[in-house]
Number of protein chains: 2
Amino acid sequence: MKNRSSKAEEILDVAERMARTGGYNGFSFREIAKRVGIKAASVHYHFPGKDDLGAAVARRYTDRFLAALGPADNDSVAPEDLLQRYVDAYRRSIAEDDLMCLCGIFGAEIADLPAPVAEETRLFFERCIAWLTRVMSRAHPDAPQEKAAAAALRLTATMEGALILSRSLDDVTVFDGITYGMSIAP
Amino acid sequence: MKNRSSKAEEILDVAERMARTGGYNGFSFREIAKRVGIKAASVHYHFPGKDDLGAAVARRYTDRFLAALGPADNDSVAPEDLLQRYVDAYRRSIAEDDLMCLCGIFGAEIADLPAPVAEETRLFFERCIAWLTRVMSRAHPDAPQEKAAAAALRLTATMEGALILSRSLDDVTVFDGITYGMSIAP
DNA sequence: GTCTATAATTTGATAGAC
DNA sequence: GTCTATCAAATTATAGAC
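Calculation notes
Residues numbered from 1 in each chain as written. Chains lettered and ligands numbered in written order. Predicted model: local features only at pLDDT ≥ 70, side-chain atom pairs only at ≥ 80, totals over all residues. Heavy atoms only, no water. Helix = DSSP H or I, 4+ residues; strand = E, 2+ residues; numbered from the N terminus. Rg over C-alpha atoms; globule rule 2.2 N^0.38 Å. Buried < 20%, exposed > 50% of the residue type's maximum accessible area, 1.4 Å probe, protein only. Contact = heavy atoms within 4.5 Å. Areas by Shrake-Rupley, 256 points an atom, 1.4 Å probe, with all protein chains shown as cover. Lys, Arg positive; Asp, Glu negative; His and termini not counted. Charge placed at Lys NZ, Arg CZ, Asp CG, Glu CD. Salt bridge = Lys/Arg side-chain N within 4 Å of Asp/Glu carboxyl O. Least-squares fit on C-alpha atoms with pLDDT ≥ 70 in both. Near = heavy atom within 4 Å. Polar contact = N/O pair within 3.5 Å; in protein donor to acceptor, adjacent residues only side chain to side chain. Nonpolar A, V, L, I, M, F, W, Y, C, P; charged D, E, K, R; others polar. Buried area = accessible area lost by both parts, 1.4 Å probe. Core = buried A, V, L, I, M, F, W, Y, C linked by side-chain atoms within 4.5 Å. 1 Å grid on protein atoms, 1.4 Å probe; cavity = no way out; pocket = protein on both sides within 12 Å on 5 of 7 lines; lining within 4 Å. Points joined across faces, edges and corners; volume = space filled by probe spheres on them.

J.: Let's hear about the overall build of chain A: which residues, and what values?
T.: Looking only at helices and strands, chain A features 9 helices and 0 strands. Ordering the α and β elements of chain A from the N terminus gives α-α-α-α-α-α-α-α-α. Taking 186 residues into account, the globule formula puts the C-alpha radius of gyration at 16 Å, and chain A, at 17 Å, falls close to it. Dimensions along the principal axes, computed over C-alpha positions, put chain A at roughly 55 × 35 × 30 Å. In chain A, buried positions account for 53% of the 186 residues. The contacts in chain A between residues at least 6 apart in sequence include a share of 69% that link residues at least 24 apart. A total of about 8300 Å² of accessible surface is found on chain A, and carbon and sulfur atoms cover 49% of it. Taken together, the 23 basic and 27 acidic charged side chains of chain A have centroids lying 5 Å from each other.

Listed below in structure tokens is the structure:
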């Protein structure tokens with residue numbers, strides 16, 4: 001975990017919220033500064049460029065996301081329950097925060113992102129897929145690794161898409177309908 | 001179909017390409033004008049505000065997308081083949097154009113879109129779901145309507161997510177892995 | 001750490017000539 | 001339909017005082 005001042009954390013909080021609403025171009029130094037209660041120039045002190053800020057937001061988001069899931073090979077938790085945790089993590093994004101998944105929206109505009117931000121976005125998915133692949137492998141020890149990885153990719157894609165559709169149709173039950181009975185089957 | 005000058009179509013072409021890369025904030029009048037070979041003020045002649053341009057891009061995108069699919073109740077085409085058409089339509093987005101689905105990227109940032117653009121985005125999904133629900137119902141005439149609609153939502157979500165992951169991981173085979181064997185099962 | 005001041009650029013938009 | 005000219009606002013960013 002990075003050692004950061006509380007102001008820096010506040011900046012990340014606001015930047016994340018704005019990015020999860022309007023994407024990488026959906027947040028600005030000025031607007032962040034206004035909401036945090038400082039001046040735009042002061043934001044540059046904490047994060048020199050917008051690249052740095054965007055990458056920091058993405059990295060913190062990813063760290064928190066995976067921390068909330070816990071280790072994939074926790075033997076005291078059934079793989080079915082870990083899978084449910086995964087689905088719930090995405091569901092909270094809309095149900096509690098009314099926000100898009102940061103890396104879902106960054107991923108959609110990945111071709112226009114500065115390299116460091118694009119890289120953090122890619123890492124989010126790689127780490128999520130790795131985590132989920134382990135869970136799948138635990139649930140189906142006899143299934144080949146590729147099957148588990150394929151299931152992890154498909155499940156993650158469905159989650160991101162479920163967020164988009166749920167928000168576009170303005171109906172949280174859309175997410176539930178899509179993820180209902182999301183089986184652990186490989 | 002709307003009657004538009006060829007310049008207006010050119011503008012829409014460029015705007016769509018840019019929007020499918022960087023989202024709603026990813027295109028500007030000036031940059032469009034430069035690429036089309038006119039001045040920014042001339043773009044305003046064809047589309048008074050950015051809302052209008054964004055909404056027009058989304059509407060044309062949706063019309064074309066559905067036109068490429070053809071009617072859902074075409075009895076001369078098996079529902080399985082229509083489903084494959086649906087998947088292929090998304091696949092072409094990355095495989096041929098190397099672009100995101102316009103309404104996938106718009107949907108991700110829907111909370112920050114001007115109302116007219118958000119509405120067109122919503123309509124894209126409603127029309128796609130309606131089309132796909134019919135196809136599903138044809139494939140499973142005895143299954144309840146809700147099952148068909150739920151399958152349509154899930155399939156569409158998976159497509160949008162597959163585009164995001166495929167682009168983020170910079171690997172088209174990710175899309176194929178996710179959509180492989182996408183059954184017509186309800 | 002935060003500020004003022006300022007620069008350089010981009011953006012959406014309009015008025016009016018041709 | 002397209003242009004020039006222009007505007008007001010927003011954006012990223014830096015220099016230097018406190």
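J.: Residue-level account of the pattern of salt bridges, with values.
T.: Residues and elements named next belong to chain B. Enumeration according to the criterion identifies 31 salt bridges over all chains in this entry. Between Arg122 and Glu119 there is a salt bridge, with its nearest N and O atoms 2.6 Å apart. Within this pair, Arg122 and its partner Glu119 are both found in helix H7 (residues 115-139), separated by 3 residues, close to a single helical turn. Taking relative accessible area as the criterion, Arg122 reaches 23% and is therefore assigned partly exposed. One network of salt bridges, in which partners are shared, links Arg4, Glu9, Asp13, Glu16, Arg20, Arg60 and Asp97.

J.: So what's going on with the relation of the copies chain A and chain B? Residues and values would help.
T.: Expressed as a screw operation, the relation of chain A to chain B combines 0.0 Å of axial shift with a rotation of 180°, fitting to an RMSD of 0.0 Å. In short, the pair behaves as if placed about a two-fold rotation axis. Looking at chain A, 100% of its interface residues are interface residues in chain B too, so the copies touch through the same face.

J.: Summarise the environment of His140(A); cite the residues concerned and give the values.
T.: Residue and element names in this part refer to chain A. Examined against the element boundaries, His140 turns out to sit in the loop between helix H7 (115-139) and helix H8 (145-168). By relative accessible area, which is 22% here, His140 ends up partly exposed. Taking the C-alpha atoms as reference points, His140 and Leu82, 58 residues apart in sequence, are found 14 Å from one another.

J.: How would you summarise the protein's contact with DNA strand C if you had to cite specific residues and measurements?
T.: What surrounds DNA strand C is a group of 16 residues, the closest being Ser5(A), Lys39(A), Ser42(A), His46(A) and Lys50(B). Within the contact set of DNA strand C, a phosphate oxygen lies 2.5 Å away from a backbone nitrogen or oxygen of Lys39(A). Between a phosphate oxygen of DNA strand C and a side-chain N or O atom of Ser42(A), the distance comes to 3.0 Å. Mapped by element, the contributors of at least two residues to the surface near DNA strand C are helix H3 (40-46) of chain A together with helix H2 (29-36) and helix H3 (40-46) of chain B. Of the residues contributing to the surface near DNA strand C, the split by class is 6 nonpolar, 6 polar and 4 charged.

J.: So what about the interface of chain A and chain B? Which residues, and what values?
T.: Counting from both sides, the interface comprises 37 residues of chain A and, opposite them, 37 residues of chain B. Between chain A and chain B, a total of about 3000 Å² is buried, with carbon and sulfur atoms accounting for 68% of that surface. Inspection of the region where chain A meets chain B yields 0 salt bridges. Of the residues forming the side of chain A that touches chain B, the biggest block, 12 residues, is contributed by H8(A). Of the residues belonging to the side of chain A that touches chain B, the class tally is 17 nonpolar, 13 polar and 7 charged.

J.: Give me the lowdown on the protein's contact with DNA strand D, citing residues and values where you can.
T.: Taken together, 16 residues lie near DNA strand D, and Arg30(A), Lys50(A), Ser5(B), Lys39(B) and His46(B) sit nearest. Side-chain polar atom of Ser28(A) to a phosphate oxygen of DNA strand D: 3.4 Å apart, as the coordinates give it. Lys39(B) is positioned with one of its backbone polar atoms (N or O) 2.6 Å from a phosphate oxygen of DNA strand D. Those elements that provide at least two residues to the surface near DNA strand D are helix H2 (29-36) and H3 of chain A together with H3 of chain B. The leading source of residues in the surface near DNA strand D is H3(B), at 4 residues. Across the surface near DNA strand D, the residue classes tally to 6 nonpolar, 6 polar and 4 charged.

J.: Can you tell me about the nonpolar core, naming the residues and giving the values?
T.: Of all hydrophobic cores here, the largest spans 138 residues; its most connected members are Leu53(A), Tyr86(A), Tyr90(A), Leu53(B), Tyr86(B) and Tyr90(B). Residues in contact with Leu53(A), not counting those within four places in the same chain, are Ile11(A), Leu12(A), Ala15(A), Phe27(A), Phe29(A), Ile32(A) and Phe47(A).

J.: I'd like to hear about empty space enclosed by the protein, residue by residue, with values.
T.: Scanning the model with the defined rule gives 1 cavity of 30 Å³ or more in all. Of the pockets and cavities examined, the largest cavity occupies roughly 30 Å³. Lining the largest cavity are Gly22(A), Tyr24(B), Asn25(B), Glu109(B), Asp112(B) and Leu113(B). By residue class, the composition of the lining of the largest cavity is 2 nonpolar, 2 polar and 2 charged.

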